[in-house]
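Topology and contacts: notes
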Amino acid sequence: MTQKFTSDIVIGLEIHVQLDSKTKLFCGCPTRPKPGVQEEPNTRICPICLGHPGSKPTANKEAIEMGLRLALALNCSVSSRLIFSRKSYFYPDMSKNYQISQYEEPLGREGSLELDNKTIGITRVHLEEDPAALIHSGSCVLVDYNRSGNPLMEIVTDPTIGSPDEAREFMRRLLSILEYLKVYDIDWGILKADANISVRESSYTRVEIKNITGFKEIERALDYECARQKQACQEAQKIIAETRGWDAEKGYTYSMREKESEEDYGYIIDPDLVAITITQDRIEKAKASLPELSQAKAKRFQAIGVKQEDAKVIAADQSIAILFEEVSKKVEPGLAAKWIRRELMRVLNFAKRSLEDSNIKPHHMVDLLTLVHEKRITDQTAQKLMERLVEKPFDIKDVVEQESLAKVSDDSLLTDACKQAIAQSPQAVLDYHAGEEKALNFIVGKVMAATKGKADPAIVKKLMIGLLKV
Ligand code: ZN
Ligand code: MN
């Protein structure tokens, strides 16, 4: 069975994403604490999410709708019947001793997610409830059921991811889809994964890492585990099929237990939850309501003259993509894309701000880029204005006028500045005459500094070459 793999590394992911519904999957408890309130453990609970005898779960319509949209965005075929099953296991994080999940008929199956050079199959997606949080405190373990019963979507990929890098690309794409669909809150919602990893050298003996929490940690754990298996094989140690944990603090995986199979969970259909029919009509409506996703957007951006890499990066972030669409109605799309991706996104990143909290609106970018396009300010000036915009937006035209930031292209002014720079750089002049082209940039740089970046660098360079010939 293992011979079918062709790549050196084989990774399959089971990702759990918290759906951002208002209430839990089977009861009316809110999924989040009240804003601004420091929540006490075990206060956001009820007999249903605790599984008290006689309590009856009812499936949450909003969460199902979110799950349905996600299944469709991942190109899954959707089951016409929604049934839930009990996944039995004994562990303090499940007070019922079973988790309500889906097994026999998942919400979606046989989907796909497209990467740059490869398509990763989605084996199945299903809905299930989140267990409680276990809090390790000294020699005791405490249980907090507040998040118990929150809706999760489990996404299981085919074992065809060929490297940790590919897994990273897959996770980025998935996050972008979640953002576009507005079914997941990255600042609040849970994202955890189990990963199956095997390498050619061990004849693809499958090792599972359980419960890796957060996007960054998934990357780290995969990097570590691939390296560990390769190294062990090199040293002729045997890789055993087992379940391992990820210690985020120490940065390594450790052996937990030998692996159990899905059959060990003794699934039975939950008799408390009636089967829900998902009509073709409902599926079609959900499909029609899906927003245009990043890949389709990127293709459209490329068609209007945006470079492939710029198009991809801009489309991956929904709010940046919306800004670009507005700006490119008034500014040449290639120019808009170049400045939004290489300058605006860089500056936002550096200031650790999102576009929303920077308050930059399309008209700011349109004003700025129109001045760049008409060559009325230099690229340097535009970059500086961009940095200030991210801090606090202002009227671009007013500031350019008030602070006289317009580009200096007056030849006599610039000639004077060039002469001064030449006088100040005797060594660079000698180097330039000795054939060192780079020395010219140094002298041009002096003029740019003296004019606070307002000189037109192309003109300065031309003047300088002329002056240095004499
Ligand atoms: Zn509840
Ligand atoms: Mn699960």
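Higher on the page you've got the structure.
Read on for an overview of the structure. Computed from a prediction, not measured in an experiment: that's the story for all the values here. In this numbering scheme, every chain counts its residues from 1 along its sequence in written order. Naming scheme: in the order in which they are written, chains are lettered from A and ligands are numbered from 1. Given that the model is predicted, a residue must reach a pLDDT of at least 70 before its local features are reported, and side-chain atom pairs must reach 80 or more before they are shown or counted; all residues, however, enter totals for whole chains, interfaces and linings. To get the side-chain values, all heavy atoms of the structure are used, and hydrogens and water are removed first.

**Comments concerning the coordination of the zinc ion (ligand 1)**
With water omitted from the atoms examined, metal sites may look incomplete; donors here are N, O and S atoms no farther than 2.8 Å from the metal, or 3.2 Å in the case of Na, K and Ca. Protein coordination of the zinc ion (ligand 1) is provided by Cys27 (SG), Cys29 (SG), Cys46 (SG) and Cys49 (SG), with donor distances spanning 2.3 to 2.4 Å. Every donor counted, the four donor atoms about the zinc ion (ligand 1) form angles of 101 to 114° at the centre, which fits tetrahedral coordination. Donor residues binding the zinc ion (ligand 1) come from one chain and are separated in sequence as C-x1-C-x16-C-x2-C. Linking Cys27 in the loop between strand 1 (9-18) and helix 1 (47-50) with Cys49 in helix 1, this pair joins segments that are 22 residues apart in sequence. Under the scheme applied here, a residue whose accessible area is under 20% of the maximum for its type counts as buried, over 50% as exposed, and between as partly exposed, the area being computed with a 1.4 Å probe on protein chains only. By relative accessible area, Cys27 is classed as buried at 10%. On the basis of relative accessibility, which here comes to 5%, the residue Cys49 falls in the buried class. Tetrahedral means four donors with every angle between 85 and 135 degrees, whereas square planar (four donors) and octahedral (six donors) require angles over 155 degrees between opposite donors and between 65 and 115 for all others; sites fitting neither are termed irregular. Counting from the N terminus, the helices are the DSSP runs of H or I reaching at least four residues and the strands are the DSSP runs of E reaching at least two.

**Here's the deal with the pattern of salt bridges**
Each salt bridge in this description consists of a side-chain nitrogen of Lys or Arg and a carboxyl oxygen of Asp or Glu lying within 4 Å of one another. Going through the model one piece at a time under the given rule, you end up with 44 salt bridges. Among the ionic pairs, Arg168 bridges to Glu219, the shortest N-O distance being 3.1 Å. One end of the pair, Arg168, is in helix 3 (residues 164-181); the other, Glu219, is in helix 4 (residues 215-234), and 51 residues separate them in sequence. For the pair shown, Arg168 and Glu219 are each scored as buried. Put simply, Arg168 and Asp223 hold a salt bridge, and the shortest N to O gap is 3.1 Å. Here Arg168, found in helix 3, pairs with Asp223, found in helix 4; they are 55 residues apart in sequence, far enough to count as distant. Each of the salt bridges in this network shares a partner with another, and the network as a whole consists of Asp165, Arg168, Arg172, Lys216, Glu219 and Asp223.

**Some points on helix 14 (residues 411-424)**
Along an α-helix, residues three or four apart share an orientation, since each turn contains 3.6 residues. For helix 14, with 14 residues, the first-to-last C-alpha span of 20 Å sits near the 20 Å given by 1.5 Å per residue. All buried positions along helix 14 are accounted for by Leu414, Thr415, Ala417, Cys418, Ala421 and Ile422. For helix 14, the buried positions fall inside an angular range of 165° around the axis, keeping them on one side. Residues Ser412, Gln420, Ala423 and Gln424 are exposed on helix 14 and point more than 90 degrees away from its buried face. Two residues qualify as a contact provided that any one of their heavy atoms is within 4.5 Å of a heavy atom in the partner residue. The inward-facing, buried residues of helix 14 contact helix 15 (426-433), helix 16 (438-450) and helix 17 (457-469). One less than the number of residues in a helix, times 1.5 Å, gives the span that helix is expected to have. Directions pointing from the helix axis toward each C-beta atom define the arc.

By themselves, these observations are geometric and do not establish any function.
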